[in-house]
Amino acid sequence: MRPLFADPKTDFVFKKLFGTEEHKPLLVALLNGLLELDEAHRLVEVELLSPEQRPMVQELMNSIVDVKCVDARGTRYVVEMQVLNVEGFEKRVVYNVAKAYTSQLQRGQRYPDLDDVIGVTLCDFELWPRKQAPHVPMLSRWCMQEQHAGARGLGQLQFVFLELPKYDTRRPPRTPVEKWAYFFREADNLEMVPEVLAERPYVDALEAARAAGFTEEEWDAYIRAGMAIQDERGALSQARKEGREEGLQKGLQEGLQKGLQEGLQKGKEEGLRAMRESLRQFLRQRGLTWGPREEARIEGCEDIGTLQRWLVQALTAANATEALV
């Protein structure tokens, strides 16, 4: 039985809501809300950028990895939903924004032709945990700052993060930022449209996520996207668990220092083994076959982050070779 609304945090639904021409007003509303733009500077229209490097999936031909768009002033935006806190995540965000900035410059163009780029990332985890000091709020804005006088400049690259677990559930949402956080956190648990979201653009977002409106192909793709997230989450959990257990066992047997070092190494090996097997299992589930060359790449990979990326890419890849890029 389908829920009333699909989970907008899944890659498939997020792209459907914010990465298609049909629902482009939702992308404009999301950017206006998370950028906290006043009336004089609010976005009215954005253009989805050309689909270079956008891997297509059969179930939704407009599917894209990151939602990239540009406004009338030329400012570009890279909008992303991230469910799992994988290794090197912050570096990947910076890389994506920097790539969107440098890729504007074609041969013969000049540096003044470059437009600013703002990365907008929604995280279903605490990127900066609340227990750490100084405290980073649920919605944070980042740009370069001079370290002596505190002056801000070099604003060509900016970053916005919305950490969904930091939403205060003890009271109803009041601001646009809180309402978007509530939408992303609770949409798939709702049994009706709540009063706090019974206005545009939130009610439009709920209607776009209404599961009854999905075709059978879209629903199947949504289920597979959720399964991929669960598989990856399970692989990460198993790798961490095995690493901890090996560390404790070695520590008890051979002394704290030596045991910790050997246990961590063993845990890494077990974690890599678990991730490799999860990747193979998911490739089989997708019906993708691979030969000795691809198997050698999987077995020879010593980086958990790369294996995690391959697992996610396997969701939309047409073949195993394409997944292992």
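No experiment lies behind these values; they were computed from the predicted model shown.

The rules we used
- Residues numbered from 1 in each chain as written.
- Predicted model: local features only at pLDDT ≥ 70, side-chain atom pairs only at ≥ 80, totals over all residues.
- Heavy atoms only, no water.
- Helix = DSSP H or I, 4+ residues; strand = E, 2+ residues; numbered from the N terminus.
- Polar contact = N/O pair within 3.5 Å; in protein donor to acceptor, adjacent residues only side chain to side chain.
- Expected span 1.5 Å × (residues − 1).
- Buried < 20%, exposed > 50% of the residue type's maximum accessible area, 1.4 Å probe, protein only.
- Arc of directions from axis to C-beta.
- Pairing = 2+ DSSP bridges.
- Axes fitted to C-alpha atoms, helices over the stretch in contact; angles between N-to-C directions.
- Salt bridge = Lys/Arg side-chain N within 4 Å of Asp/Glu carboxyl O.

J.: Report on the side chain of Thr10, specifying residues and quantitative values.
T.: Along the chain, Thr10 falls in the segment before α1 (11-18). A polar atom in the side chain of Thr10 sits 2.9 Å from the backbone oxygen of Asp7.

J.: If you had to explain helix α3 (residues 89-102) to someone new, which residues and values would you point to?
T.: When the terminal C-alpha atoms of α3 are compared, their 20 Å separation across 14 residues agrees well with the 20 Å that a helix rising 1.5 Å per residue should span. If you check which residues of α3 are buried, you get Phe89, Val93, Asn96, Val97, Ala100 and Tyr101. Viewed end-on, α3 has its buried residues packed into an arc of 140°, placing them on one side of the element. Of the residues in α3, the exposed ones pointing more than 90 degrees away from the buried face are Lys91, Tyr95 and Thr102.

J.: Run through the sheet that holds strand β2 (residues 67-71), naming residues and quoting values.
T.: If you walk across this open sheet you meet the 6 strands as β1-β2-β3-β4-β6-β5, and the pairing is mixed. The outermost strands of the open sheet, each flanked by one partner alone, are β1 (46-48) and β5 (139-142). Averaged over all pairs of adjacent strands, the angle between strand axes in this sheet comes to 20°, irrespective of strand direction. As paired elements, β1 and β2 share 3 bridges and run antiparallel to each other.

J.: Which residues make up the pairing of strand β3 (residues 76-82), and what values go with them?
T.: Burial analysis of β3 places 6 of its 7 residues in the buried class, the great majority of the element. Where β2 folds back onto β3 in an antiparallel hairpin, the turn is made up of 4 residues, including Gly74, whose phi is positive at roughly 100°. Of the pairings in the sheet, the one linking β3 to strand β4 (residues 117-123) comprises 7 bridges and is parallel in character. Note on β4: the bridge partner recorded for Val79 is Val120.

J.: Could you give an account of the pattern of salt bridges, naming the residues involved and the relevant values?
T.: Applying the stated criterion across every chain, the model contains 19 salt bridges. Among the ionic pairs, Glu45 bridges to Lys24, the shortest N-O distance being 2.9 Å. Of this pair, Glu45 sits in the loop between α2 (24-34) and β1 while Lys24 sits in helix α2, and the two are 21 residues apart along the sequence. Relative accessible area serves as the criterion here: at 46%, Glu45 is assigned to the partly exposed category. Taking relative accessible area as the criterion, Lys24 reaches 13% and is therefore assigned buried. Arg171 is the salt-bridge partner of Glu178, the closest N and O atoms lying 2.6 Å from each other. Among the residues examined, Glu178 registers a relative accessible area of 12% and is labelled buried. Connected through salt bridges with shared partners, the residues Glu277, Arg280, Arg284, Glu295 and Glu299 form a single ionic network.

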